[in-house]
Amino acid sequence: MIYMGRYDSPLGPITLAGEDGALTGLWFDGQKYFGAGLPAGTPEGEPPVFRQVRAWLDRYFRGEDPGPAPPLAPAGTAFQRAVWEVLREIPYGRTATYGQVAQAAGRGLGRNTSPRAAGSAVGRNPISLLIPCHRVVGAGGSLTGYAGGLERKEALLKLEGAEIFLDNRRKMV
């Protein structure tokens, strides 16, 4: 059974969704695609994975590398899941471009993929923060496309002390 829970972050309330020992959703309240795939009337509950997620989020919002994510089970197409796996490989405090994400996902799938298609999958990520879509930037280093809002994306990258590397030039967010 799917349950919902809450987490009060410094960047606004977060809704959690979990089922069978894994996190299935994490959204800033009001973000684009909020609650996508969550059945109407999902009850509030407290599965054990929520304690793990809250501990992870506490470390994260203290500005620490929170370490490995608790069990995650995002629902999506094979392509979306491939892109989300690439996102999980972007280290804390680093960024990647949509083009780099598309290239890596394409290698994993054995076919070429476009940055635009990868960007669409990034935008549909149902587990914000733990699948770090906020670490993906435009080819020129621009802070584009974050379902939780660009202000949050910038705040998250600042929290991580992220640097954007472009042609051997460093740009602090």
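Note that this is a predicted model, so its numbers are computed, not measured.

(A) The arrangement of the overall build of the protein in detail. A count of helical and extended segments in the protein gives five helices and seven strands. The globule rule puts the C-alpha radius of gyration for 173 residues at 16 Å, and the 16 Å found for the protein is close to it. Expressed as a percentage of its 173 residues, the buried residues of the protein come to 47%. Total accessible area computed for the protein in this model is approximately 8500 Å², and 51% of it derives from carbon and sulfur atoms. Separation of charge centres in the protein, based on 20 positive and 16 negative side chains, amounts to 7 Å.

(B) Just the packing of aromatic side chains, in detail. Tallied over the full model, the rule gives five aromatic pairs. Pairing Y7 with F61 gives two aromatic rings, centres 6.2 Å apart and planes at 20 degrees, and the pair type is stacked. In this pair, Y7 sits in strand β1 (residues 3-9) while F61 sits in helix α1 (residues 48-61), placing the two residues 54 residues apart along the sequence. Judged by its relative accessible area of 14%, F61 falls in the buried class. Members of the aromatic cluster, connected to one another through ring pairs, are Y7, W56, Y60, F61 and Y92.

(C) The arrangement of the nonpolar core in detail. If you look at the biggest cluster of nonpolar residues, it comprises 36 residues, and the most contacted ones within it are L26, L57, V101, L129 and L130. Listing elements by their share of this core, those giving two or more residues are β2 (12-19), β3 (22-28), α1, α2 (78-88), α3 (98-109) and α4 (115-123). When residues no more than four places from it in sequence are discounted, the contact partners of V101 are V83, V86, L87, I90, A96, A118, V122 and V136.

(D) How the structure looks around the pattern of salt bridges. One pass over the full model with this rule turns up six salt bridges. The salt bridge partner of K158 is E154, with a shortest N-O separation of 3.4 Å. Here the residue K158 and the residue E154 both occupy positions in helix α5 (residues 150-159), the gap between them amounting to four residues, near one helical turn. Using a relative accessible area of 32% as the deciding quantity, one classes E154 as partly exposed.

(E) Structural context of the layout of surface pockets. Reported here for the largest pocket is a volume of approximately 280 Å³. In terms of lining, the largest pocket is formed by 21 residues, of which the most central are T24, A36, G37, A75 and P126. Listing elements by their share of the lining of the largest pocket, those giving two or more residues are β2, β3 and α2. Per-class residue counts for the lining of the largest pocket are 10 nonpolar, eight polar and three charged.

(F) View of unusual backbone geometry. Positive phi, normally seen in glycine, also occurs at D20, with a value near 50 degrees. Among the secondary structure elements, D20 is positioned in the loop between β2 and β3. The class for D20 is exposed, based on a relative accessible area of 70%. Unlike most non-glycine residues, L129 shows phi in positive territory, near 70 degrees. Looking at where L129 falls in the secondary structure, it is placed in the loop between α4 and β5 (136-137).

Cut-offs used in this document
Residues numbered from 1 in each chain as written. Predicted model: local features only at pLDDT ≥ 70, side-chain atom pairs only at ≥ 80, totals over all residues. Heavy atoms only, no water. Helix = DSSP H or I, 4+ residues; strand = E, 2+ residues; numbered from the N terminus. Rg over C-alpha atoms; globule rule 2.2 N^0.38 Å. Buried < 20%, exposed > 50% of the residue type's maximum accessible area, 1.4 Å probe, protein only. Areas by Shrake-Rupley, 256 points an atom, 1.4 Å probe, with all protein chains shown as cover. Lys, Arg positive; Asp, Glu negative; His and termini not counted. Charge placed at Lys NZ, Arg CZ, Asp CG, Glu CD. Phe/Tyr/Trp six-rings, centres within 6.5 Å; stacked < 30°, edge-to-face > 60°. Core = buried A, V, L, I, M, F, W, Y, C linked by side-chain atoms within 4.5 Å. Contact = heavy atoms within 4.5 Å. Salt bridge = Lys/Arg side-chain N within 4 Å of Asp/Glu carboxyl O. 1 Å grid on protein atoms, 1.4 Å probe; cavity = no way out; pocket = protein on both sides within 12 Å on 5 of 7 lines; lining within 4 Å. Points joined across faces, edges and corners; volume = space filled by probe spheres on them. Nonpolar A, V, L, I, M, F, W, Y, C, P; charged D, E, K, R; others polar.

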